Amino acid sequence: MKDVETVESLKMMPLTYSKKTLVSFNDVKIFYDDKVIVENVNFTINQGDRLNLVGRNGSGKSSIIKLIMNQKIDYQGQVIIGSNLKIAYLSQTDDHLQGRLDDFIDKQQLDQSLFKAILRKLDFSRDLFNQNIETFSKGQKKKVMLAACLCTPAHLYIFDEPLNYIDIFTRIQIQEVILKYQPTILFVEHDQYFCNQIKTKSINL
């Protein structure tokens, strides 16, 4: 059994943005199939914020993330995204993962040695490096996406349910790396203890 004290520490590479405010939503109303799913959304993401996006299923959390990621969503109001803002996104789903790990590294333009070193720290066995990602477990796929985020320099990190399928040791590692490097981050997570440990404030929908 691995001891909690032997859990290896991770690194991440947050960038400093040129302005205080990275993102702002002003009186935003979001639609899905002509139905209003959330309205009166007002918040800003400032440098150093660690924002916990809170709301029941269907409350608009994913739509807000998509708007920040510049995906097509029907909305009214004002959404301002800082110019040249670099975002690292940890998706809730792993549907896009396929093929060999080296091909994923090339496609994401990752530093191969750094990416694989992070995976090793996440208790990823070396033999997995030569297997197709489709053969990985849900937890292993989540670690692939997490490692990709951690070795991506970014002004803003968006983590959508980062603890899904993740073991307790990796939970500790994620919490510790966020508290150590204090990136600007917007995250959705249902584990209340984790949220309370890392958030600076909440956005309630």
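Bear in mind that the values here come from a model prediction, so they are computed numbers and not experimental data.

**Student:** Sorry, what's going on with the nonpolar core here?
**Tutor:** A general tendency of soluble globular proteins is for nonpolar side chains to be buried together. Ranked by size, the top nonpolar core spans 38 residues in total, and within it Leu101, Phe104, Phe115, Leu119, Phe124, Phe159 and Ile178 carry the most contacts. Secondary-structure elements contributing two or more residues to this core are β5 (87-90), α2 (101-108), α3 (112-121), α4 (138-150), β6 (156-160), α5 (168-181), β7 (185-188) and α6 (192-198). Among the elements that line this core, the one with the most residues is α4, at 7 residues. Setting aside residues no more than four positions away along its own chain, phenylalanine 124 makes contact with Leu101, Leu119, Phe129, Phe136, Gln140, Lys143 and Val144.

**Student:** Is there a simple way to explain α2 in this structure?
**Tutor:** Along α2, the residues classified as buried are Leu101, Phe104 and Ile105. Across the axial projection of α2, the buried residues extend over an arc of 100°, all falling on one side. Structural note: α2 exposes Asp106 and Lys107 on the side pointing more than 90 degrees away from its buried face. On its buried face, α2 sits against α3 and α4. One or two steps after α2, the chain reaches glutamine 109, where phi turns positive at roughly 55°.

**Student:** Explanation requested: the sheet that holds strand β4 (residues 74-81) in the structure shown.
**Tutor:** Where strands meet in a sheet, backbone hydrogen bonds hold them as pairs that are either parallel or antiparallel. Strand order in this open sheet of 3 strands is β2-β1-β4, and the pairing throughout is antiparallel. Two strands bound the open sheet, and with one partner strand each, they are β2 (35-46) and β4. Direction aside, neighbouring strands of the sheet carry axes that sit 5° apart on average.

**Student:** Just to check I follow, could you spell out the environment of glutamine 98 for this structure?
**Tutor:** Here glutamine 98 is to be found in the loop between β5 and α2. For the pair glutamine 98 and leucine 119, spaced 21 residues apart in sequence, the C-alpha to C-alpha distance is 17 Å. Aside from chain neighbours lying at most four places away, what touches glutamine 98 is Ile133 and Glu134.

**Student:** Would you explain the packing of α2 against α3 in this entry?
**Tutor:** Describing two packed helices takes the angle between their axes plus the distance from one axis to the other. Look at α2 against α3: their axes get within 10 Å of each other, and the N-to-C directions meet at 125°. One way to sum up the angle between α2 and α3 is to call them oblique. You can see that α2 and α3 cross each other, and the crossing is right-handed. Between α2 and α3, the contacting residues are Leu101, Asp102, Phe104 and Ile105 on the first element and Gln112, Phe115, Lys116 and Leu119 on the second. Across the contact of α2 with α3, the residue classes tally to 5 nonpolar, 1 polar and 2 charged.

Thresholds applied
- Residues numbered from 1 in each chain as written.
- Predicted model: local features only at pLDDT ≥ 70, side-chain atom pairs only at ≥ 80, totals over all residues.
- Heavy atoms only, no water.
- Core = buried A, V, L, I, M, F, W, Y, C linked by side-chain atoms within 4.5 Å.
- Buried < 20%, exposed > 50% of the residue type's maximum accessible area, 1.4 Å probe, protein only.
- Helix = DSSP H or I, 4+ residues; strand = E, 2+ residues; numbered from the N terminus.
- Contact = heavy atoms within 4.5 Å.
- Arc of directions from axis to C-beta.
- Pairing = 2+ DSSP bridges.
- Axes fitted to C-alpha atoms, helices over the stretch in contact; angles between N-to-C directions.
- Parallel < 35°, antiparallel > 145°, perpendicular 65-115°, else oblique.
- Left-handed = near helix turned anticlockwise from the far one by under 90°.
- Nonpolar A, V, L, I, M, F, W, Y, C, P; charged D, E, K, R; others polar.

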